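# Working through the structure, step by step
The residues making up each chain are set out below.
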Amino acid sequence: MTDDKILEYFAKYIYDHTGIMYTDTNFYQLERRLQSLCTRFDAKDFAELRLMYSQNKTSEMHQLLVDLATNNETSFYRDGHPFKVLADEIIPSILVNNKDSKTLNIWSAGCSMGQEPYSILMILEEQFPELKSWRVQLNATDISTVALDKTESGVYTQLEVQRGLPIKKLMQYFTQIEDGSYQVKDFIKKNLTVKPFNLFTDTNGISQFDIVFCRNVLIYQNVENKKKIIQNLTNSLKPGGCLFLGNGESLIGIDSELENERHEKVTVFRKPVIGMSKAA
Ligand SMILES: C[S@@+](CC[C@H](N)C(=O)[O-])C[C@H]1O[C@@H](n2cnc3c(N)ncnc32)[C@H](O)[C@@H]1O
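## Points about the site of the ligand
Looking at the ligand, there are 24 residues lining it, with T70, T74, G110, S112 and R215 nearest. Tallied by class, residues from the shell around the ligand come to seven nonpolar, 12 polar and five charged. Both domains that furnish three or more residues to the shell around the ligand are identified here as domain 1 (3-69) and domain 2 (81-270).

Below you can see the structure in the form of structure tokens.
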């Protein structure tokens, strides 16, 4: 079997389990990544690695392949504006709308290594002291267990905290540990739940989130997959709840009930409340 055929096998495996596409234009990336699996499993070449995967695959082997296929690029307060809109407009309106239930449920879907959920939690801590008497829950999920382990630990290197985290917040919300890294303080983590979740998993019937962040995840997906993910995210939102996508991600070409709402430089996608749709 040629190396190209072997790469196609792994590309198909990755696509089937994550929706992430490797094609012959970026096979060189896949090749580099698979090299680390050869070393890990002592396979002499890709052909032997493929044989191992097709004949004796363990759950550890599956997860390692998924982990290496994902792109976990992220940073604190990435792109700035969505976090400003969250703090200035979205949370204040939820404080009014949910004043009876006193609940706030947020989902960071495709949270990568945790910078996104921690950015949200720092905003809640800093700007909304009234939430202390509310039931606040932030679910951080990803398909990569390496990323989730890092999210759970809340430990970041000097380089990682330098990417987007203002020094004042670093001093306030992190403790420096022996190796020079910084660990987020426990009181920031108290409303955080971290767990694996594949965005292709059906969320029908959940309808529990006031806010969903799913940023810079759709860019790696084709239109069909985007549709499935958007439907799942829509199902997970409460009526009136809103979705934040990444800069440059949109619902163009996707038939969705979500309504575009422009806030300064950010588009928020809102699930209509029945009987109150803009189109009605
Ligand atoms: C580029 S990161 C974005 C992180 C963060 N949301 C941000 O904007 O900074 C994309 C993340 O999506 C995750 N991901 C990719 N496909 C996924 C899937 N099918 N289900 C769940 N997470 C997925 C990857 O593991 C990765 O951590």
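Having put the structure on the table, let's press on.
## As for the environment of A147
Of note, A147 is situated in helix α7 (residues 145-153). On the basis of neighbour count, A147 is assigned to the buried category, with 23 C-beta atoms found within 10 Å. The residues touching A147, leaving out its near neighbours within four places in the chain, are N72, S112, M113 and D142.

## Describing the sheet that holds strand β8 (residues 237-245)
Picture the strands of a sheet paired through backbone hydrogen bonds; they go either parallel or antiparallel. Read across the open sheet, the seven strands follow the order β6-β2-β1-β7-β8-β10-β9; overall the sheet is mixed. Two strands bound the open sheet, and with one partner strand each, they are β6 (192-196) and β9 (259-263). The average angle at which neighbouring strand axes cross in this sheet is 25°, direction not considered. Sheet strands touched by helix α5 (residues 81-97): β1 (103-109), β7 (209-214), β8, β9 and β10 (266-270). Its angle to β10, the strand with the most contacts, is close to 35°. Contacts from helix α6 (residues 115-127) reach β1, β2 (135-142), β6 and β7 within the one sheet, and its direction differs from that of β2 by about 165°.

## Structural notes on the pairing of β9
In this sheet, β10 lies alongside β9 in antiparallel orientation, the contact comprising five bridges. What sits directly across from R262, in β10, is T267. Hairpin connection of β9 to β10: two residues between the antiparallel strands, including E264 at a positive phi of 45°.

## Some details on the packing of helix α2 (residues 27-41) against helix α4 (residues 59-69)
Packed helices, taken two at a time, are described by their axes: the angle between them and the distance between them. α4 packs onto α2 with a crossing angle of 150° between their chain directions and a minimal axis gap of 9 Å. In this view, α2 runs roughly antiparallel relative to α4, as classed from their interaxial angle. Crossing hand, α2 versus α4: right-handed. Judged by residue contacts, R33, S36, L37 and R40 of α2 engage L64, L65 and L68 from α4.

## As for unusual backbone geometry
Despite not being glycine, D42 has its phi angle at roughly 55°, a positive value. Inspection of the secondary structure puts D42 in the loop between α2 and α3 (46-55). The backbone phi angle of Y77 is positive, close to 50°, even though this residue is not glycine. Counting through the fold element by element, Y77 comes out in the loop between α4 and α5. With 21 C-beta atoms packed within 10 Å, Y77 lands in the buried category.

## Re the sheet that holds strand β5 (residues 182-184)
As summarised here, the arrangement of the three strands in space is β3-β5-β4, forming an open sheet in which the pairing is antiparallel. Across the chains shown, the open sheet's two edge strands, defined by having one partner strand only, are β3 (155-156) and β4 (174-176). By the bridge criterion, two bridges tie β3 to β5 in an arrangement that is antiparallel. Across the sheet, the residue bridging to V155 is Q183, located in β5.

## Things to note about the packing of helix α1 (residues 3-18) against α2
Orientation of α1 relative to α2, taken along the N-to-C sense of each, is 85°, at an axis distance of 11 Å. It follows from the interaxial angle that α1 and α2 lie roughly perpendicular. Contacts between α1 and α2 involve L7, F10 and A11 from the first element and F27, L30, E31 and L34 from the second.

## Brief notes about α5
Over its 17 residues, α5 runs 23 Å from end to end, which matches the ideal 24 Å to within 8%, given 1.5 Å per residue. At A87, α5 shows its maximal bend, which comes to roughly 40°. For α5, the complete set of buried residues consists of P82, F83, V85, L86, I90, I91 and I94. In the core, the buried residues of α5 are packed alongside β1, α6, β7, β8, β9 and β10.

## With respect to the domain arrangement of the protein
Parsing the protein into structural domains produces domain 1 (3-69) and domain 2 (81-270). Measuring from the centre of the C-alpha atoms in domain 1 to the corresponding centre in domain 2 gives 30 Å. Contacts between the two partners involve seven residues from domain 1 and, on the opposite side, nine residues from domain 2. Element by element, the count of residues in the side of domain 1 that touches domain 2 is highest for α4, at three residues. Considering only residue class, the side of domain 1 that touches domain 2 consists of three nonpolar, three polar and one charged.

The rules behind these values
- Residues numbered from 1 in each chain as written.
- Predicted model: local features only at pLDDT ≥ 70, side-chain atom pairs only at ≥ 80, totals over all residues.
- Near = placed C-beta within 6 Å.
- Nonpolar A, V, L, I, M, F, W, Y, C, P; charged D, E, K, R; others polar.
- Domains from an automatic or database assignment.
- Helix = DSSP H or I, 4+ residues; strand = E, 2+ residues; numbered from the N terminus.
- Buried ≥ 20, exposed ≤ 12 C-beta atoms within 10 Å, placed from the backbone.
- Contact = placed C-beta atoms within 7 Å.
- Pairing = 2+ DSSP bridges.
- Axes fitted to C-alpha atoms, helices over the stretch in contact; angles between N-to-C directions.
- Parallel < 35°, antiparallel > 145°, perpendicular 65-115°, else oblique.
- Left-handed = near helix turned anticlockwise from the far one by under 90°.
- Expected span 1.5 Å × (residues − 1).
- Bend = angle between axes of the 7 residues up to and from the residue.

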